[in-house]
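Structural overview for review
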Amino acid sequence: MHQSTTRIAVQTPGPGMLEVTDPVVRWVAAQRINTGLLTILCQHTSASLLIHENAAPAARRDTEAYFARIAPESDAYEHDDEGPDDMPAHLRAALTQPSLSIPLIDGALALGTWQGLYLFEHRRRPHRRTLALHLIGA
């Protein structure tokens, strides 16, 4: 059994879904593990991770619009330490997930044909986000 860990820094341009499949796949391939499990953790409380449709940009736009509707910016929130997008960003992150677990089969992530890995930035301004990766397998 082998284990490997790393961190990947991701610069976000602002709110929205940023595909991170390629850097994750490249790192996994370099580990030369054939069968195992990858865990990815977004080390932030105002961004999250999704496995999402990666072929149709409209699917991403609809998802982003949906979360803007269910957790809108508002002066009704008590928590606004970093501005009006602070609490909605925390709510959107809480409704998605901070981590993903993806099986590794025959040396490749077991993602479906139209699935990609996305960092979902919930804040208005650009951020440098960190993803922690842990791969275990043989």
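Residues numbered from 1 in each chain as written. Predicted model: local features only at pLDDT ≥ 70, side-chain atom pairs only at ≥ 80, totals over all residues. Heavy atoms only, no water.

In terms of helices and strands, the chain carries three helices and eight strands. The order of helices and strands in the chain, counted from the N terminus, is β-β-α-β-β-α-α-β-β-β-β. Against the globule reference of 14 Å for 138 residues, the chain gives a C-alpha radius of gyration of 16 Å, in line with a compact fold. The dimensions of the chain, computed from C-alpha atoms along their principal axes, are 50 × 30 × 20 Å. Per-residue burial over the chain gives 38% buried out of 138 residues. A separation of at least 24 residues holds for 81% of the contacts in the chain among residues at least 6 apart in sequence. Surface summary for the chain: the accessible area is close to 7600 Å², and the carbon and sulfur share equals 52%. (Helix = DSSP H or I, 4+ residues; strand = E, 2+ residues; numbered from the N terminus. Rg over C-alpha atoms; globule rule 2.2 N^0.38 Å. Buried < 20%, exposed > 50% of the residue type's maximum accessible area, 1.4 Å probe, protein only. Contact = heavy atoms within 4.5 Å. Areas by Shrake-Rupley, 256 points an atom, 1.4 Å probe, with all protein chains shown as cover.)

Take D85: it is sitting in the loop between helix 2 (57-70) and helix 3 (86-95). There is a polar contact of 2.9 Å between the side chain of D85 and the side chain of R123. Ignoring any residue separated from it by four or fewer positions in sequence, one finds D85 in contact with E73, H122, R123 and R124. (Polar contact = N/O pair within 3.5 Å; in protein donor to acceptor, adjacent residues only side chain to side chain.)

According to the stated counting rule, one finds two aromatic pairs in the structure shown. Between Y66 and F67 the ring centres are 5.5 Å apart and the planes differ by 85°, which places this aromatic pair in the edge-to-face class. Geometrically, the ring pair formed by F67 and F120 is edge-to-face, given 5.6 Å between the ring centres and 85° between the ring planes. Note that F67 is positioned in helix 2 and F120 in strand 7 (residues 115-121), a separation of 53 residues in sequence. Residue F120 is classed as buried on the basis of its relative accessible area of 3%. Through pairs of rings, three or more aromatic residues link up here, namely Y66, F67 and F120. (Phe/Tyr/Trp six-rings, centres within 6.5 Å; stacked < 30°, edge-to-face > 60°.)

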